[in-house]
Amino acid sequence: MLKEIVTAIQSYARAHRFIREHRLWKWIIVPGIIYTLLFLAGMYFFWTSSSQVVSAFNHWLGIDRWLHQQRSPILSFLFLMGEIMVRLIMMLFYFSLFKYLFLIIGSPVFAYLSEKTESIMEGKDFPFSLKQLLADIFRGIRLALRNTLWQTVYTVSLLILSFIPIVGWVVPVTTLLVECYYYGFSMLDYSCERHKLSPSESIAFIGKHKGLAIGNGMVFYLMHLIPFLGWVLAPAYAVVAATISLYHRDDKIGI
């Protein structure tokens, strides 16, 4: 799996050269700007509401009153760290829901960009079919909803663990890895659906190549550390990089 993670990370550098060489910028910039505007609006909503949610939850459980009675600096520190971890997990959970919403909205563009990338690499054209495009869009929506459900189950379970002092400190890292896997899954699935893999076959195939999914999602999230430019480039770069990583993997059987 480590080798596949490295392959997925290297695919972003290949994607940059590929996009520049074949002048695909219009398919990168326009969706990226839309994504950035939605991302900024969503982050504003999150930061204005998350503190109220955490405070209300603490008050409902009686944690704040209990800590006041204990008057223990160590306990206060542990629960403060726990609150920070909860906020981080909530942010990742919000970002997960936001991500799937954008994937559903941008599905036609991302499907086309993935197809365009492979057609250039293979030197062949995939015939356009409106019927197939609509089928691919609905398939993408179904898988996005499926991934949302499973990721929500995992995230809520991890959120509960995050309230445990010390143990909860490692939960955000685990949550981030889950987040990376499911985002990379969505990026790889565009190639799977183009090669006529059913949803169940796609799930099984990507399950065997978890490293490609995790590596793709890791770089996608790291790009968000670069304000604006990283946000604009991240979504479409992830699509191209995922397509290239499948093309350069060791086994070419089944796809």
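Just so it is clear, the model here is predicted, and its values are computed rather than measured.

(A) Main features of the environment of G211. For G211, the location among the structural elements is in helix 8 (residues 210-222). Judged by its relative accessible area of 0%, G211 falls in the buried class. As for G211 and K3, which are separated by 208 residues in sequence, their C-alpha atoms are 7.4 Å apart. The contact partners of G211, leaving out residues within four places of it in the chain, are M1, E4, I5 and A8.

(B) Looking closely at the packing of helix 8 against helix 9 (residues 229-247). One way to put it is that helix 8 packs onto helix 9 with a least axis distance of 10 Å and a crossing angle of 155°. Classified by the angle between their axes, helix 8 and helix 9 sit roughly antiparallel to one another. In the packing of helix 8 onto helix 9, the handedness of the crossing is right-handed. Only A234, P235, A238, A241, A242, S245 and L246 of helix 9 make contact with helix 8, whose side of the interface consists of L212, N216 and F220. By residue class, the composition of the contact of helix 8 with helix 9 is eight nonpolar, two polar and no charged.

(C) How the structure looks around the packing of aromatic side chains. Within the structure shown, the criterion is met by 10 aromatic pairs. With a centroid separation of 6.1 Å and an interplanar angle of 10°, the aromatic rings of Y35 and F39 are classed as stacked. Of this pair, Y35 and F39 are both found in helix 2 (residues 26-61), four residues apart, which corresponds to roughly one turn of the helix. Residue Y35 is classed as buried on the basis of its relative accessible area of 2%. Pairing Y183 with F220 gives two aromatic rings, centres 3.8 Å apart and planes at 15°, and the pair type is stacked.

Parameters and conventions
- Residues numbered from 1 in each chain as written.
- Predicted model: local features only at pLDDT ≥ 70, side-chain atom pairs only at ≥ 80, totals over all residues.
- Heavy atoms only, no water.
- Helix = DSSP H or I, 4+ residues; strand = E, 2+ residues; numbered from the N terminus.
- Buried < 20%, exposed > 50% of the residue type's maximum accessible area, 1.4 Å probe, protein only.
- Contact = heavy atoms within 4.5 Å.
- Axes fitted to C-alpha atoms, helices over the stretch in contact; angles between N-to-C directions.
- Parallel < 35°, antiparallel > 145°, perpendicular 65-115°, else oblique.
- Left-handed = near helix turned anticlockwise from the far one by under 90°.
- Nonpolar A, V, L, I, M, F, W, Y, C, P; charged D, E, K, R; others polar.
- Phe/Tyr/Trp six-rings, centres within 6.5 Å; stacked < 30°, edge-to-face > 60°.

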